[in-house]
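Analysis of the macromolecular model
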Amino acid sequence: MQSIELAKHLSENELKRRMKAAKDHEHFQCWHCVYLASKGLPAKIVAEYVGTTTGAVHQWVRQYNHYGPDGFEKPPLSVPRPGFEHLP
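Residues numbered from 1 in each chain as written. Predicted model: local features only at pLDDT ≥ 70, side-chain atom pairs only at ≥ 80, totals over all residues. Heavy atoms only, no water.

Looking at helix α2 (residues 25–38)
- A rise of 1.5 Å per residue sets the reference length of α2, with its 14 residues, at 20 Å; its end C-alpha atoms lie 20 Å apart and thus fit the reference within 8%.
- Most of α2 is tucked away: eleven of the 14 residues are buried.
- If you check which residues of α2 are buried, you get His 27, Gln 29, Cys 30, Trp 31, His 32, Cys 33, Val 34, Tyr 35, Leu 36, Ala 37 and Ser 38.
- Contacts made by the buried residues of α2 are with α1 (12–20), α3 (43–50) and α4 (54–67). (Helix = DSSP H or I, 4+ residues; strand = E, 2+ residues; numbered from the N terminus. Expected span 1.5 Å × (residues − 1). Buried < 20%, exposed > 50% of the residue type's maximum accessible area, 1.4 Å probe, protein only. Contact = heavy atoms within 4.5 Å.)

Okay, here's the thing in structure tokens:
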């Protein structure tokens, strides 16, 4: 399994501090994924450990890599595909 490419915005200690200071469960999961990715774990293992999907892990890491430490306060980078807005 291949590890996740993570930008070096923050140290592991700072990632851990932000994870512990998360304001809600979703932010905790985001920071937890990034923290585990910083340790070199593959997305599948991170997803299983955190209780989410590999897609969510990749999305959160992509946001962190693109926006930096403020990435989880920005809208997701993915854009909904057109034609599906009518589905419930």
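Some details on the side chain of Gln 59
- Structurally, Gln 59 is set in helix α4.
- Classification of Gln 59 as buried rests on a relative accessible area of 12%.

Focus on the pattern of salt bridges
- According to the stated counting rule, one finds three salt bridges in the structure shown.
- Linking Lys 39 and Glu 12 is a salt bridge whose minimum nitrogen-to-oxygen distance equals 2.9 Å. Taken together, the residues span a long stretch of sequence, with Lys 39 in the loop between α2 and α3 and Glu 12 in helix α1 at a distance of 27 residues.
- A relative accessible area of 45% means that Lys 39 is categorised as partly exposed. (Salt bridge = Lys/Arg side-chain N within 4 Å of Asp/Glu carboxyl O.)

Here's the deal with the packing of aromatic side chains
- The tally for this structure, following the rule as stated, stands at two aromatic pairs.
- A centroid spacing of 6.0 Å and a plane angle of 75 degrees characterise the contact between Trp 31 and Tyr 64, whose relative ring orientation is edge-to-face. Here Trp 31 is found in helix α2, whereas its partner Tyr 64 is found in helix α4, with 33 residues between them in sequence.
- Plain terms: the ring middles of Trp 31 and Phe 72 are 5.0 Å apart, the flat faces sit at 90 degrees to each other, and that makes the pair edge-to-face. On the criterion of sequence distance, the pair formed by Trp 31 in helix α2 and Phe 72 in the segment after α4 is long-range, its members being 41 residues apart.
- Residue class for Trp 31 comes out buried when judged on its relative accessible area of 7%.
- Owing to a relative accessible area of 11%, Phe 72 belongs among the buried residues under this scheme. (Phe/Tyr/Trp six-rings, centres within 6.5 Å; stacked < 30°, edge-to-face > 60°.)

Nothing here speaks to function; it is all geometry.
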